Amino acid sequence: MLHYNPERLRFARERRGLTKKALADAADLDSKTITVYESDSKDSAPTLSTLEKFAFALSYPISFFQKDDAPTLETGAVSFRAATKLSKKNENAARRAGELAKELNQWLESQFSLPANTTPAFEPEEYGDPATAAAMLRQQWQLGERSITNMVHLLESKGIRVLSLAENCLDVDAFSFWEDNTPYILLNTMKSPERSRFDAAHELGHLVMHKFTQNKGPEAEQQANQFASEFLMPEASVKSILRPWPTLHQLIQQKKNWKVSLAALVRRSYDLGFSTDWHYRQLSIQLAKQGFRKQEPEGMEKRETSLLLEKTFNALRTRGISQKDVLEQLGWPLDELKALTYGHGLGMHIASNKTVIRTNNKKADLSVVK
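Residues numbered from 1 in each chain as written. Predicted model: local features only at pLDDT ≥ 70, side-chain atom pairs only at ≥ 80, totals over all residues. Heavy atoms only, no water.

Draft legend 1. The arrangement of the environment of Arg138 in detail. Note on placement: Arg138 falls in helix H7 (residues 130-140). On the accessibility criterion, Arg138 (3% relative accessible area) is buried. Each C-alpha atom, one on Arg138 and one on Lys67, is 42 Å from the other, the two residues being 71 residues apart in sequence. Each residue touching Arg138, except ones within four places of it in the same chain, is listed here: Leu143, Gly144, Glu145, Arg146, Ile148, Glu230, Phe231, Leu232 and Pro234. Here Gly144 takes part through its backbone oxygen, which lies 2.9 Å from a polar atom of the side chain of Arg138. (Helix = DSSP H or I, 4+ residues; strand = E, 2+ residues; numbered from the N terminus. Buried < 20%, exposed > 50% of the residue type's maximum accessible area, 1.4 Å probe, protein only. Contact = heavy atoms within 4.5 Å. Polar contact = N/O pair within 3.5 Å; in protein donor to acceptor, adjacent residues only side chain to side chain.)

Now the structure itself:
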């Protein structure tokens, strides 16, 4: 009998955002047969011809449906910011992306010794409020009050796996989760570089503050936003530069110091007392009228991407391991690898020399040096 894993069919269908009926129509099969083939019955394995239809309809290689179960990511393990707007279809697809991220990380860890996690998870009584938690983490990571040069590189240097989301759905802007002692952050690449940096800091807040407590709902999201504001724009740093009643033009120039969006700095200036309620409303109205909520003024030229992935993929190429080899071992289609690796896959190019790879007789030891 053909080796087949029904969970992998369910996985691929949900990842592609298809209902059972939609998959049946695409594969020219009866919808009832999809339920049968997704069941755990040993007598329900499809024929090779049917499996080929699934592979074509879902754009996954046949080998994907023959692999063991993918690493699981429980529904309650992540929270989505716009949960009330998010359809079940998009939630399932994003959650499956998180499971692919875990599978990719497992494969990379079989090839390399990746940076160990040094990101703490605070108990609520340790920090009191989100701004204090952000300040504590800055102190622990010896960042002082300086601006963060590159959020993704910083997070990776602390053992966080930061991958990309290519979801064409802004309701899934980012999410994070812990897998044992390894933290993950997935960032939507459809947003501006500045907003993506804030998302990274927001998700860092969830990792640090909510591992042992509730990470869902408006209160948790507000706490993560407050954490991100302090982490990216430390109070002392902002107060040393801003002046009361700042103009929008002044804020456009000053936001470059912290590499944040204009909207984030407008809000931060208000929270720290540089704007009255009236002045803050006027700035917000101007910001919206000029389209700066959708198009960032004088924005960053480049999106921050993974240095860790660049270096691991470069090391694989030097070993003679091609992108095709990696895809065959994972059993993935190319688009899934690119979706998690900022659209590049093994086509990434080296952008920095801040990573050290030391090879021994076992695995290459890879670290991101800040």
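Draft legend 2. Focus on the pairing of strand E3 (residues 174-179). Taken across its 6 residues, E3 has 5 buried, putting it largely inside the fold. Between the antiparallel neighbours E3 and strand E4 (residues 182-188) lie 2 residues, among them Asp180 with a positive phi of about 55°. (Pairing = 2+ DSSP bridges.)

Draft legend 3. Seen up close, the sheet that holds E4. Ordered by their spatial adjacency, 3 strands build an open sheet running E2-E4-E3, and the pairing between neighbours is mixed. Looking at which strands have only one partner, the edges of the open sheet turn out to be strand E2 (161-165) and E3. Averaged over all adjacent pairs, the angle separating strand axes in this sheet is 20°, with direction ignored. Bridging between E2 and E4 involves 5 bridges; their strand directions are parallel. Of the residues in E4, the one forming a bridge with Val162 is Ile185. Along the sheet, helix H5 (residues 88-111) makes contact with E2, E3 and E4, crossing E4 at roughly 130°. Together, E3 and E4 form the strand contacts of helix H9 (residues 193-209), whose direction differs from that of E4 by roughly 150°. (Axes fitted to C-alpha atoms, helices over the stretch in contact; angles between N-to-C directions.)

Draft legend 4. The arrangement of the packing of aromatic side chains in detail. As enumerated under the stated definition, the model contains 11 aromatic pairs in all. Ring centres of Trp141 and Phe231 lie 6.2 Å apart, and the angle between their planes is 85°; this geometry places the pair in the edge-to-face category. One end of the pair, Trp141, is in the loop between H7 and helix H8 (151-157); the other, Phe231, is in helix H10 (residues 217-232), with 90 residues separating them in the sequence. What makes Phe231 buried here is its relative accessible area of 0%. Three or more aromatic residues joined by ring pairs make a cluster, and in this case those are Phe11, Tyr60, Phe64 and Phe65. The ring of Phe64 has Arg8 lying over it, and the distance from NZ or CZ to the ring centre is 4.7 Å. Lys211 extends its terminal NZ or CZ atom over the ring of Trp178, reaching a point 4.0 Å from the ring centre. (Phe/Tyr/Trp six-rings, centres within 6.5 Å; stacked < 30°, edge-to-face > 60°. Lys NZ or Arg CZ within 6 Å of the ring centre and 35° of its normal.)

Function cannot be inferred from these measures alone, as they are strictly geometric.
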